[in-house]
Amino acid sequence: MPGPFTLAQIASQLGGRVAGDPQVLIRQVGSLERAGRGQIAFLSSPKYRARLAATGASAVVLAAEAEALTALPRIVCDNPYAYFARVSQLFNPRTLQPPGVHPGAWVAPGATLGARVSIGAGCVIGEGVAIGDDSCLYPAVVVYPGCRIGARAIVHSGAVIGADGFGIARDGGRWQKIPQIGAVTIGDDVEIGASTTIDRGTMDDTVIGDGVKLDNQVQIGHNCRIGAHTAVAGCVAVAGSAEIGKHCTIGAGALILGHLSICDRVDVSADTVISRSIRKPGTYTGMFPFDDNESWARNTALVRHLAELADRVRALEKRLQGKEGGDG
Amino acid sequence: MPGPFTLAQIASQLGGRVAGDPQVLIRQVGSLERAGRGQIAFLSSPKYRARLAATGASAVVLAAEAEALTALPRIVCDNPYAYFARVSQLFNPRTLQPPGVHPGAWVAPGATLGARVSIGAGCVIGEGVAIGDDSCLYPAVVVYPGCRIGARAIVHSGAVIGADGFGIARDGGRWQKIPQIGAVTIGDDVEIGASTTIDRGTMDDTVIGDGVKLDNQVQIGHNCRIGAHTAVAGCVAVAGSAEIGKHCTIGAGALILGHLSICDRVDVSADTVISRSIRKPGTYTGMFPFDDNESWARNTALVRHLAELADRVRALEKRLQGKEGGDG
Amino acid sequence: MPGPFTLAQIASQLGGRVAGDPQVLIRQVGSLERAGRGQIAFLSSPKYRARLAATGASAVVLAAEAEALTALPRIVCDNPYAYFARVSQLFNPRTLQPPGVHPGAWVAPGATLGARVSIGAGCVIGEGVAIGDDSCLYPAVVVYPGCRIGARAIVHSGAVIGADGFGIARDGGRWQKIPQIGAVTIGDDVEIGASTTIDRGTMDDTVIGDGVKLDNQVQIGHNCRIGAHTAVAGCVAVAGSAEIGKHCTIGAGALILGHLSICDRVDVSADTVISRSIRKPGTYTGMFPFDDNESWARNTALVRHLAELADRVRALEKRLQGKEGGDG
């Protein structure tokens, strides 16, 4: 493990302004609630000021407007959360797995691995695969033939890259398989979560842009294109041929239907089904509210009679109109 | 790779009628947008006529009503999408993996493999498993003891067949495990997507019919029965003891609750929760609409007051009735 | 396989009262519908009395109020379902896999395995991992470095324990990775389904309590805490830093948003999104109803105009109030 570093050393590497003792020695990051001596924590919002007051941390990262809330040695910066991320990166090696190909991995002779690539036990890397420098595949990742992964990728266990897309055509009462002859192209600085699946394209490639972050159990269908620096939370499904722009965020459990496109800088809330294209940046939501079971049952039964309810309101409006006319 | 073939050779193998030069040489399939010389594309609907006009493909598959839309060499047929699937099968070997058991796979001594079966690296095939002729298991598939897979199966990486169903009984404040002593029986011509899980039965088998196609990350609970030629899109969950008929389609992210049955020829839309049995063929939907976040918040808050809204409408109707009666 | 046992022997081991011939010989459990000679079935509810009447089972487990419904040899007890679970455990070994480390597994030198632990082929157990006595990991389970699993665990294939949580911080137009330096701590008597993923904590551990049962394809985010004896059905996602109490049940496909807490003894229905903390035991639901596609389309379109409908009802109320006032 690197370190320890003084607060001054940290700030000289990462920027920010030190307030209080710059010589305090830091060995690791920690949370406000549990950090102890030698640990640095961060304050993301003044609403956690009580935790700050009670913290056992030796130093804190915070924003200028919160600077006066503590007398602890501190680093003052614009974006404490991102700053803290970089402090933690300083103290903690990027991956849990050393470079090299584990003897329990199977790499096809025709695959190309960049410098300092790490391939865990149980990984299976197909013919013609290319993986860029400094990428880390944790155990049990499968990359099908012909797929390409950029530099500095982190791919977690159980991820499957390049399986056949779900291409079937009705033919009488049966299904004809449409061979999936495209592959998957993944940019640089991409992280792929555990058991996430990214299907190969039908004819052209499925494309994941630079800096994309996919959480666990995400499903990306064939021919999708995910724009650079988009983040996709756990259990999201993106159906075939959907295109998602750059700098988007997709909340947990959301579903993006196929053959539509989402423009740049769209935030999709958790559990939301995107059923048509979105052409305007913003936040979009379609989460159904929960309630205690009894209230839910009473209210939800009416969802199936909404059209009838609207008709009754229209009828009332007409009758009242008629009466008012008649009265006039 | 097989081929090249002339358009006439393709039609003589697969049927259809050639219009234009029958001697044009085809080497591969392609999309209308990106196909070049030597490639054949297809037109599924006249609405893509602009793409057809601009295509670089050497030939096209299309329906009779679209025949006059192009002067390119073409094959005219009833179902261009299915025809195209078969053309692509002609040019592209069925799987990316050769027959045989990879040295990195573990096949129990008591397992039975048919002719030309392909078992990828990292697969684990349990005692008493039987796999039919020409089946292909991609890397890292696990088949638990006693499960049976038919002929011509394609099983993608990360699929788990035969894990214990979720059988637990409350016993005071704890859960008693109910041993899962059934297995899984899978018919012929089944495709199973990456990271899909199919649980073994509690006492009898979980059954997947002939020709069933399951996309990625599908979960099939214990004791389920999926009828022949049903297709299930990605991230669908089928809870325990549900029965789905033949020739059904289940859209992405749908949830079929347990202990119910769906008759033949039912189409369930994406994201729909089937909470009671369906006895009539047709399309069923329960997707909640998304909206910009502000509109969603305003409208959705009212879902929790629908019963109250209906009461107010009823009160209005009574008051107006009373007034009208009183006025009369 | 253990057995056969007489009904009297079963009751002497597991309790309950025998009615009818206590010497009938039982070899295995079965379902009412399919059990034959030598098998014991159970009746969970009097509504299945027709199946009981037609059963081929040699004996039945049932409650006192159902005792008179059959003349078959029977065991009368308080909780027939839990009793049946224990009868089945008697006849069926707990796991399908013998103790020991399979030669196709990779266990890091610094990992600690308890007595009679079973590690299947393709498992990868990281540095510093500890696994308690009598635990069984089926093939292809990955446990990242530093994670701990208690005694008597059953972990199904494809499960991934300890992958990095989804910790990223916006930093200009890019994402900074927040190293995930916590681990996962799992109690005793936990079962984890196929392809379930449990992420390691950001700074502290993700914690799964004693007796917790997780079905397949469940996703547990970083820093979550799941209380003892809680059961989570398939395809549930629990977002980061959520806390779920003891003795809860979470239905299939539900989504628990992050940074909230659910108290003890809460039942969440299938497909329900929990979007704020729950402080009162009970059942909570948020499932959107399905309908035939045409009815759904008609009713659901109105969801997006609910606020407008409520406004119209309010206007009607005012007009009628005004009229009534004016009439008075």
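Residues numbered from 1 in each chain as written. Chains lettered and ligands numbered in written order. Predicted model: local features only at pLDDT ≥ 70, side-chain atom pairs only at ≥ 80, totals over all residues. Heavy atoms only, no water.

Quick look at the overall build of chain A
Secondary structure summary: chain A contains 5 helices and 37 strands in total. Seen through its C-alpha atoms, chain A measures out along the principal axes to roughly 85 × 60 × 35 Å. For chain A, the proportion of contacts with a sequence separation of at least 24, taken over those separated by at least 6, is 21%. Accessible surface, chain A: about 12300 Å² in total, of which carbon and sulfur atoms supply 51%. Of note, chain A has its 31 positive side-chain charges centred 2 Å away from the centre of its 30 negative side-chain charges. (Helix = DSSP H or I, 4+ residues; strand = E, 2+ residues; numbered from the N terminus. Contact = heavy atoms within 4.5 Å. Areas by Shrake-Rupley, 256 points an atom, 1.4 Å probe, with all protein chains shown as cover. Lys, Arg positive; Asp, Glu negative; His and termini not counted. Charge placed at Lys NZ, Arg CZ, Asp CG, Glu CD.)

Things to note about the packing of helix 1 (residues 7-14) of chain C against helix 3 (residues 80-91) of chain C
All names here are of chain C. Remark: helix 1 packs on helix 3, axes separated minimally by 11 Å, with the N-to-C direction vectors making an angle of 110°. The angle between helix 1 and helix 3 falls in the class roughly perpendicular. Crossing geometry of helix 1 relative to helix 3 is assigned as right-handed. Across from I10, A11, Q13 and L14 in helix 1, the residues of helix 3 making contact are Y83, R86, V87, L90 and F91. Residues that form the contact of helix 1 with helix 3 fall into these classes: 7 nonpolar, 1 polar and 1 charged. (Axes fitted to C-alpha atoms, helices over the stretch in contact; angles between N-to-C directions. Parallel < 35°, antiparallel > 145°, perpendicular 65-115°, else oblique. Left-handed = near helix turned anticlockwise from the far one by under 90°. Nonpolar A, V, L, I, M, F, W, Y, C, P; charged D, E, K, R; others polar.)

Remarks on the domain arrangement of chain A
Its domain assignment divides chain A into domain 1 (5-91), domain 2 (100-284) and domain 3 (293-327). Inter-centroid distance (C-alpha atoms) of domain 1 of chain A to domain 3 of chain A is 57 Å. (Domains from an automatic or database assignment.)

A word on the environment of A:V160
Residue and element names in this part refer to chain A. For V160, the location among the structural elements is in strand 18 (residues 160-163). Overall, the relative accessible area of 2% leaves V160 in the buried class. Spatially, the C-alpha atom of V160 lies 42 Å from that of E294, the residues being 134 residues apart in sequence. (Buried < 20%, exposed > 50% of the residue type's maximum accessible area, 1.4 Å probe, protein only.)

Section: the interface of chain A and chain C
Taken together, the contacts link 74 residues of chain A with 65 residues of chain C. Summing both partners gives a buried area of about 5900 Å² for chain A against chain C, and 64% of it is carried by carbon and sulfur. Taken together, the connections running from chain A to chain C amount to 6 salt bridges. Residue C:R170 pairs with A:D267 through a salt bridge whose shortest N-O separation is 3.9 Å. On the surface where chain A and chain C come into contact, there are 26 residue pairs in polar contact (both at pLDDT 80 or more). Mapped by element, the contributors of at least two residues to the side of chain A that touches chain C are strand 4 (28-29), helix 3 (80-91), strand 25 (213-214), strand 28 (231-232), strand 37 (291-292), helix 4 (293-303) and helix 5 (306-327) of chain A. With 13 residues, helix 5 of chain A is the single largest residue contributor to the side of chain A that touches chain C. (Buried area = accessible area lost by both parts, 1.4 Å probe. Salt bridge = Lys/Arg side-chain N within 4 Å of Asp/Glu carboxyl O. Polar contact = N/O pair within 3.5 Å; in protein donor to acceptor, adjacent residues only side chain to side chain.)

As for the pattern of salt bridges
Scanning the model with the defined rule gives 39 salt bridges over all chains in all. The closest approach of N and O atoms between B:D164 and B:K177, which form a salt bridge, is 2.8 Å. Pair noted here: B:D164 is in the loop between strand 18 (160-163) and strand 19 (168-171) and B:K177 is in strand 20 (residues 174-177), with a separation of 13 residues, a long-range link. Here C:D205 and C:R148 are joined by a salt bridge, their closest N and O atoms 3.4 Å apart.

A few points about the sheet that holds strand 35 (residues 273-274) of chain B
Across the sheet, which stays open at both edges, the 9 strands sit in the order 9-12-15-18-23-26-29-32-35 (chain B) with parallel pairing between neighbours. Every interior strand has two partners, whereas the edge strands, strand 9 (106-107) and strand 35 of chain B, have only one. (Pairing = 2+ DSSP bridges.)

Some remarks on the interface of chain B and chain A
When the parts come together, some accessible area is lost, and that loss is often what is quoted as the size of the interface. Between chain B and chain A, the residue contacts involve 74 residues of the former and 65 residues of the latter. Carbon and sulfur atoms supply 64% of the area buried between chain B and chain A, which totals about 5900 Å² over both sides. The shortest N-O distance in the salt bridge between B:E317 and A:R312 comes to 2.8 Å. Where chain B packs against chain A, one counts 26 residue pairs in polar contact (both at pLDDT 80 or more). If you list the elements that add at least two residues to the side of chain B that touches chain A, you get strand 4 (28-29), helix 3 (80-91), strand 25 (213-214), strand 28 (231-232), strand 37 (291-292), helix 4 (293-303) and helix 5 (306-327) of chain B. When residues in the side of chain B that touches chain A are grouped by element, the largest group, 13 residues, is from helix 5 of chain B. For the side of chain B that touches chain A, the per-class residue count stands at 33 nonpolar, 24 polar and 17 charged.

A few points about the nonpolar core
In this structure, A:I161, B:I161 and C:I161 are the most contacted members of the largest nonpolar core, which totals 198 residues. Not counting chain neighbours up to four residues away, the residues in contact with B:I161 comprise B:V142, B:V143, B:Y144, B:C147, B:I149, B:V155, B:V184, B:I186, B:I192 and B:I198. The next biggest cluster of nonpolar side chains, apart from the first, holds 20 residues, and it includes A:L7, A:I40, A:V87 and A:L90. (Core = buried A, V, L, I, M, F, W, Y, C linked by side-chain atoms within 4.5 Å.)

Things to note about the relation of the copies chain B and chain A
Expressed as a screw transformation, the operator carrying chain B onto chain A has a rotation angle of 120° and an axial translation of 0.0 Å, and the superposed copies differ by an RMSD of 0.0 Å. Classification of the inter-copy transformation places it as that of a three-fold axis. (Least-squares fit on C-alpha atoms with pLDDT ≥ 70 in both.)

A few points about the confidence of the model for chain A
Taken as a whole, chain A shows an average pLDDT of 96; of its residues, 98% reach a score of 70 or greater. Two summary scores accompany this predicted model of the complex, namely pTM at 0.97 and ipTM at 0.96. (pLDDT = per-residue confidence, 0-100.)

Observations concerning the sheet that holds strand 12 (residues 124-125) of chain C
Residue and element names in this part refer to chain C. Read across the sheet, 9 strands follow the order 9-12-15-18-23-26-29-32-35 without closing on themselves; strand pairing throughout is parallel. The open sheet has two edge strands with one neighbour each: strand 9 (106-107) and strand 35 (273-274). Sheet analysis places strand 26 (residues 219-220) next to strand 29 (residues 237-238), joined by 2 bridges and oriented parallel. Among the inter-strand pairings, Q219 is bridged to a residue of strand 29, identified as A237.

Remarks on the pairing of strand 20 (residues 174-177) of chain A
Residues and elements named next belong to chain A. Across 4 bridges, the pairing between strand 19 (residues 168-171) and strand 20 is antiparallel. Its bridge partner being in strand 20, A169 is matched across the sheet by Q176. In textbook terms, the turn of a hairpin is the stretch between consecutive antiparallel strands, and for strand 19 and strand 20 this stretch comprises 2 residues, one of which, G172, has a positive phi near 65°.

Quick word on unusual backbone geometry
With an omega dihedral of 0°, the bond running from B:G3 to B:P4 counts as a cis peptide bond. Positionally, B:P4 belongs in the segment before strand 1 (5-6). Positive phi, normally seen in glycine, also occurs at A:D189, with a value near 60°. Tracing the backbone shows A:D189 in the loop between strand 21 (184-186) and strand 22 (191-192). In this structure, C:N223 is a non-glycine residue whose phi angle is positive, near 75°. Note on placement: C:N223 falls in the loop between strand 26 and strand 27 (225-226).

A look at the environment of A:R312
Of note, A:R312 is situated in helix 5. Separated by 301 residues in sequence, A:R312 and A:A11 have C-alpha atoms that sit 67 Å apart.

Some words on helix 1 of chain C
Residue and element names in this part refer to chain C. If you check which residues of helix 1 are buried, you get L7, I10, A11 and L14. All buried residues of helix 1 lie within an arc of 95° about the axis, which places them on one face of the element. In the segment just after helix 1, G15 is the residue with positive phi, at about 90°. (Arc of directions from axis to C-beta.)

Some thoughts on the packing of aromatic side chains
The description of an aromatic ring pair rests on the distance of the ring centres and on the angle between the ring planes. Taken as a whole and judged by the stated rule, the model has 18 aromatic pairs over all chains. Ring geometry for A:Y138 against C:Y144: centres 4.9 Å apart, planes inclined by 40°, an arrangement best described as tilted. Of the two residues, A:Y138 sits in the loop between strand 14 (136-137) and strand 15 (142-143) while C:Y144 sits in the loop between strand 15 (142-143) and strand 16 (148-149), which places them in two different chains. Ring geometry for B:F5 and B:F91: centres 5.4 Å apart, planes at 55°, overall tilted. Of this pair, B:F5 sits in strand 1 while B:F91 sits in helix 3; the two residues are 86 residues apart in sequence, bridging distant segments of the chain. Across this residue pair, the class does not change: B:F5 and B:F91 are buried. Members of the aromatic cluster, each reached through a chain of ring pairs, are A:F42, A:Y81 and A:F84. (Phe/Tyr/Trp six-rings, centres within 6.5 Å; stacked < 30°, edge-to-face > 60°.)

Considerations on the environment of A:F290
Looking at the element boundaries, A:F290 is found in the loop between strand 36 (282-285) and strand 37. Overall, the relative accessible area of 1% leaves A:F290 in the buried class.

Re the side chain of B:S195
Relative to the helices and strands, B:S195 resides in the loop between strand 22 (191-192) and strand 23 (197-199). Discounting chain neighbours no more than four positions away, the residues touching B:S195 are A:G158, A:V160, A:S195, A:T197, B:S157, B:G158, B:A159, B:Q217, B:V218, C:S195 and C:Q217.

Points about the state of the cysteines
Residue and element names in this part refer to chain B. This structure, assessed with the given rule, holds 0 disulfides over all chains. Lacking any disulfide linkage, C147 is separated from the closest cysteine sulfur, that of C123, by 14 Å. When its relative accessible area of 0% is taken as the criterion, C147 is described as buried. (Disulfide = S-S within 2.5 Å.)

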